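Each chain, written out:
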Amino acid sequence: MKKKYLALFLAAAMGCSLLAGCGGGETPEPTEDSSEETALVYAVEAGSAGEAVAAEQGFEYNSVASQADALMEVASGTSDAAIIDLLMADAMIGEDTSYPDLVTGDELTTEEYGAGCRQDSDLTDYINWVMSAAYADGTMQTIAETYKVGAALVEQPEVAEPEIAADGDVAYIQEKGTLVVGITDFAPMDYQEEGSDEWIGFDADMARLVAEKLGVEIQFVVIDWDNKIMELDSKNIDVVWNGMTLTAEVTAAMNCTNAYCNNAQVVVLPG
């Protein structure tokens with residue numbers, strides 16, 4: 001009798017294994033590419049869209065101060081790969097760049113850039129108006145081509161000149177005489193050439209255009225990207241303008257401008 005039960009048990013076990021656990025469905029084997037991808041350690045900028053996608057994908061990652069630092073991590077071998085903005089990757093890696101031995105891999109997301117002001121700030125409408133006028137007369141396209149981001153530029157809608165509220169951010173900035181822009185070192189949007197203390201880049205030049213229209217000086221302040229909302233709300237800066245991805249978190253915490261550039265999060269690897 002025991003032998004009979006044993007035979008029945010073995011037959012049932014064999015049947016279950018053939019049906020992938022008696023469920024009748026197939027459990028896909030992990031592919032070689034996906035297992036290699038998740039086994040890498042990624043360098044990402046703290047508080048960035050790259051960090052968000054790494055967390056969503058379940059990747060192991062190191063958070064660093066900037067995307068430039070993420071590239072240095074890969075170049076030095078401290079991290080296996082980085083997740084950074086496509087526009088920065090195009091400017092910083094490959095032949096005749098700072099990192100000729102690094103290459104781009106998969107695009108993980110698609111997204112758009114915008115600038116961020118304080119909630120309910122009238123500066124947002126003012127920036128939208130300046131960008132609209134600059135796009136209409138070709139100035140925005142010229143700046144984009146200078147920094148090789150012309151293909152990513154987003155067409156700007158027509159915007160009427162906004163009214164300036166006496167108690168709004170625009171009046172506050174004009175009264176103090178300076179537009180303070182929160183940035184990080186992030187080519188081709190905001191960066192300094194070697195030996196120079198002048199901030200240049202697509203975002204830097206567009207911010208200068210806004211300051212010029214406001215009739216004020218401009219000041220660029222390097223911020224901890226993870227604390228950008230706090231810096232804005234405490235009035236240490238007036239606007240975050242640094243290739244900022246318009247995520248749900250960002251748009252909930254800031255009054256953001258119209259999108260002005262398309263972008264993606266990409267993997268960067270040793271060549």
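Please refer to the structure higher up on the page.
Quick look at the structure, then. Treat the numbers as computed from the prediction; the structure is a model and nothing was measured. (Residues numbered from 1 in each chain as written. Predicted model: local features only at pLDDT ≥ 70, side-chain atom pairs only at ≥ 80, totals over all residues. Heavy atoms only, no water.)

1. Considering the environment of tryptophan 129
- Along the polypeptide, tryptophan 129 turns up in helix H6 (residues 123-136).
- Tryptophan 129 sits in the buried class, given a relative accessible area of 18%.
- Contacts of tryptophan 129, omitting those with residues within four sequence positions, involve Val159, Ala160, Glu161 and Pro162. (Helix = DSSP H or I, 4+ residues; strand = E, 2+ residues; numbered from the N terminus. Buried < 20%, exposed > 50% of the residue type's maximum accessible area, 1.4 Å probe, protein only. Contact = heavy atoms within 4.5 Å.)

2. Some remarks on the packing of aromatic side chains
- The full count for this structure, using the stated rule, is seven aromatic pairs.
- On the basis of an interplanar angle of 75° and a centroid distance of 6.4 Å, the ring pair of tyrosine 113 and phenylalanine 186 is categorised as edge-to-face. One end of the pair, tyrosine 113, is in strand E4 (residues 102-117); the other, phenylalanine 186, is in the loop between strand E5 (178-183) and helix H9 (202-214), with 73 residues separating them in the sequence.
- You can call tyrosine 113 buried: its relative accessible area is 0%.
- For phenylalanine 186, a relative accessible area of 2% gives the class buried.
- Note on tyrosine 126 and tryptophan 129: the rings are 5.3 Å apart at their centroids and 70° apart in plane angle, and the pair reads as edge-to-face. Taken together, the residues span about one helical turn, with tyrosine 126 and tryptophan 129 both in helix H6 at a distance of three residues.
- Assessed through its relative accessible area of 5%, tyrosine 126 is described here as buried.
- Between the NZ or CZ atom of lysine 235 and the centre of the ring of tyrosine 172, over which it lies, the distance is 4.3 Å. (Phe/Tyr/Trp six-rings, centres within 6.5 Å; stacked < 30°, edge-to-face > 60°. Lys NZ or Arg CZ within 6 Å of the ring centre and 35° of its normal.)

3. Comments concerning the environment of valine 180
- Mapped onto the fold, valine 180 is located in strand E5.
- Under the relative-accessibility criterion, valine 180 is labelled buried at 8%.
- C-alpha separation for the pair valine 180 and valine 221, spaced 41 residues apart in sequence, amounts to 6.9 Å.
- Leaving out residues up to four positions away in the same chain, valine 180 has contacts with Gln219, Val221, Asn236, Ile237, Asp238 and Val239.

4. What to know about the packing of helix H7 (residues 139-146) against H9
- Axis separation between H7 and H9 bottoms out at 9 Å; the angle between their running directions is 150°. One finds that H7 runs roughly antiparallel with respect to H9. Relative to H9, H7 is oriented so that their crossing is right-handed. Facing H7, whose interface residues are Thr139, Met140, Ile143 and Ala144, H9 presents Phe202, Asp205, Met206 and Leu209.
- In the contact of H7 with H9, the residues fall into six nonpolar, one polar and one charged. (Axes fitted to C-alpha atoms, helices over the stretch in contact; angles between N-to-C directions. Parallel < 35°, antiparallel > 145°, perpendicular 65-115°, else oblique. Left-handed = near helix turned anticlockwise from the far one by under 90°. Nonpolar A, V, L, I, M, F, W, Y, C, P; charged D, E, K, R; others polar.)

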